[in-house]
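Breakdown of the fold
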Amino acid sequence: MSNKGKFYMTTAIAYASGKPHIGNTYEIVLADAIARFKRQEGYEVHFQTGTDEHGQKIEQKAQEAGLTPKEYVDGVAQKIQKIWDLMNCSYDYFIRTTDENHEKQVQKIFRKLYEKGDIYKSSYEGMYCTPCESFWTESQLVDGKCPDCGREVKPAKEEAYFFKMSKYADRLIAHIKEHPEFIQPVSRKNEMMNNFLLPGLQDLCVSRTSFDWGIPVDFDPKHVVYVWLDALTNYITGIGYECDGDCSQQFQKYWPADLHLIGKDIIRFHTIYWPIFLMALDLPLPKQIFGHPWLLQGEGKMSKSKGNVLYADELAEIFGVDAVRFFVLHEMPFDNDGLISWELLVERINSELANTLGNLVNRTISMSNKYFGGEVVSTGVTGEMDDDLKSVVTGTVSKVSAKMAELRVADAITEIFNLFRRCNKYIDETTPWILAKDEETKPRLAEVLYNLVESITVGAALLKSFMPETTEKILTQLHAQETAFENLGTFGNYVSGTKVTEKPEILFARLDCKEVLEQVRVRFSQEEVQEEADNAPDASAASNQEETVIDIEPKAEITFEEFGSMQFQVGEILSCKAVEKSKKLLCSQVKIGSQVKQIVSGIRKYYTPEEMVGKKVMVLVNLKSAKLAGVLSEGMLLCAEDENGALSLVVPEKPMPAGAEIC
């Protein structure tokens, strides 16, 4: 394989506040596909990812979990890396911003920029968004809320260090104009120029004093380095940047980065703040920054009970890793947001993976075994359909390479599946089952099957960057050696006389959408109560901490007589079923003394109907009847609610008969 030189690429480092959903995971899979393809082309790739682990939001979450911030991020970083590994991502280095070397270099960078005069001390007053860790002026707010995430903001004032952004603004504008490939897609470039750079840059707050979880400013330790100056510099510290000047050979080899792959929501930080920091450090700018669109997870508020907050590990468990990789890569447009849902996954797996690809491989191997005992031989007996097939196959590699050079990954996959579709059409055109009926046409049949095996081998080799496990399965079943990338544009690399496997493996089985949705429903209803515990970092270090308490807004006082008008009794649930017209309601038949009342409760997210049967519960009996989702409800089950909105039925501590009064 020819060596085309170095290729250094990065993802945005994942914020270590919790388990990443499939939209977050899309980025690492996209980056992995690009990195794998570059390696296949002959580049020496260094692929870096990691975790962003400082900030006020993480400090708060750690406090809520009863952990130190370091204990908290250790647990989350482990979960993030586990998902990256599960998705078969071939990163070369996983950096954490709590790494000792990174923290040391950030302190040096801050000091250098301060001594250079690019950083100065002042104070900041504005509206602060904790989730985004961003200050805003009143004029920047949208409907009084954060313009980035739409959440509430709070007034804040504190002493801080600031970076002189305007000092480098003209230089950055000139660079963007001179390097049209620097920010991609073009729509992102236009947004940055028109909305931020051309109107004029404000100086940037680069330190905080209102929280402690950050890298201390070594010459003013009451300050911690603000998130972006800390997080963005991982791209250089991770490859051996030394602020004092003695940079590693790795840094000298790989910097500047060839590609920063990031989500469109953080494009401003990477295309304005980061280049300006680099200019201040007298370092060359990265060659390209690509702000990919979002993978949207269905309509409405994200909720596990609706099944529209999706996680890569759950999807992979049901569909397989390569099927999930295929979907997120193939369904994401270049410049527009993509959609993901259980139904769309099933449809694409059936149409593309089971039908177009899986059925093609299975048919070809089965026919080779049926007609020639599995031996695939090129006889040279050609036909009129062969040239067109070969033209499509040999032309695909250049088309895929062109698409990948533009980072149009979905289009590259489409080109590969066009090859597989042409193979299926070739089967229909050549009708192998008819050729097999006559001994005189058997040599032609052998050539047809050879052409199919060769074509599938080429397609599988091109598919390797996107679906590595599937490629390996296909080549193993065909007993094919992987063709060198530079030879994929020629036809006839498959060794004539090779035998395919006797029993082809089904690559992707067709799925029944109703069965998948039922599997998802049962899974969520049974496991969702455990989700918070599963997703949280290991809390063993907090086992001796005090139990969490919750304060709620007090209601107006009531008299004893008013309380006495409410009738509470113990009830026994005889039967329970889901309410058909609702995703959150359960309908229970509750025995209270000698009566049976029907009670509808919004607890389907936390209990299955089967779990409800037999429970002794506390019931508000004399609540006025009402219809919920068209079903009559004659009372209320009492529940406790935690700070996250999770519900738990209130039950008697000791065995009590149905109907016992609660007083």
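Conventions we followed
- Residues numbered from 1 in each chain as written.
- Predicted model: local features only at pLDDT ≥ 70, side-chain atom pairs only at ≥ 80, totals over all residues.
- Heavy atoms only, no water.
- Helix = DSSP H or I, 4+ residues; strand = E, 2+ residues; numbered from the N terminus.
- Expected span 1.5 Å × (residues − 1).
- Buried < 20%, exposed > 50% of the residue type's maximum accessible area, 1.4 Å probe, protein only.
- Core = buried A, V, L, I, M, F, W, Y, C linked by side-chain atoms within 4.5 Å.
- Contact = heavy atoms within 4.5 Å.
- Axes fitted to C-alpha atoms, helices over the stretch in contact; angles between N-to-C directions.
- Parallel < 35°, antiparallel > 145°, perpendicular 65-115°, else oblique.
- Left-handed = near helix turned anticlockwise from the far one by under 90°.
- Pairing = 2+ DSSP bridges.
- Phe/Tyr/Trp six-rings, centres within 6.5 Å; stacked < 30°, edge-to-face > 60°.
- Lys NZ or Arg CZ within 6 Å of the ring centre and 35° of its normal.

1. Concerning helix H1 (residues 22-41)
Look at H1: 28 Å from first C-alpha to last across 20 residues, which is about the 28 Å you get at 1.5 Å a residue. Burial of H1 is extensive: 18 of the 20 residues sit out of reach of the surface. Just downstream of H1, Gly42 is the residue with a positive phi angle, here 115°.

2. Quick look at the environment of Lys627
By secondary structure assignment, the location of Lys627 is in strand S22 (residues 626-628). Judged by its relative accessible area of 63%, Lys627 is exposed.

3. Here we look at the nonpolar core
In this structure, Ile34, Phe319 and Phe466 are the most contacted members of the largest nonpolar core, which totals 107 residues. Leaving out residues up to four positions away in the same chain, Ile34 has contacts with Phe7, Met9, Leu259, Leu261, Met404, Leu407 and Val409. The next biggest cluster of nonpolar side chains, apart from the first, holds 69 residues, and it includes Ala12, Ile173, Phe182 and Phe251.

4. Brief notes about the packing of helix H11 (residues 312-319) against helix H13 (residues 342-372)
Direction vectors running N to C along H11 and H13 enclose 40°, while the axes themselves pass 12 Å from each other. Relative to H13, the element H11 lies oblique. Both H11 and H13 take part in a crossing whose hand is right-handed. Contacts from Leu315, Ile318 and Phe319 in H11 reach Trp342, Leu345, Val346 and Ile349 in H13.

5. Section: the sheet that holds strand S6 (residues 134-136)
Taken in spatial order, the four strands line up as S6-S5-S7-S9 in an open sheet, and their pairing is antiparallel. The open sheet is flanked by S6 and strand S9 (204-205), the only strands paired with a single partner. Sheet strands in contact with helix H10 (residues 267-280) are S6, strand S7 (154-163) and S9, and its direction is about 30° off that of S7.

6. A closer look at the packing of aromatic side chains
In this structure the tally under the stated criterion is 25 aromatic pairs. Ring geometry for Tyr8 and Trp255: centres 6.3 Å apart, planes at 65°, overall edge-to-face. With a gap of 247 residues between them, Tyr8 in strand S1 (residues 6-11) and Trp255 in the loop between helix H9 (249-254) and strand S12 (259-263) connect regions that are remote in the sequence. Note on Tyr8: relative accessible area 0%, which makes it buried. Take Trp255: its relative accessible area is 7%, and that puts it in the buried class. Residues Tyr235 and Trp274 carry aromatic rings whose centres are separated by 5.8 Å and whose planes lie at 65° to one another, so their mutual orientation is edge-to-face. Taken together, the positions of Tyr235 in helix H8 (residues 234-237) and Trp274 in helix H10 put the pair 39 residues apart, joining distant regions of the chain. Just as Tyr235 is buried, Trp274 falls in that class too. Joined through ring pairs, the aromatic side chains of Tyr8, Tyr235, Tyr241, Phe251, Tyr254, Trp255 and Trp274 make up one cluster. Taking NZ or CZ as reference, Arg208 lies 4.2 Å from the ring centre of Tyr128, over its face.

Purely spatial values, then, with no claim about function.
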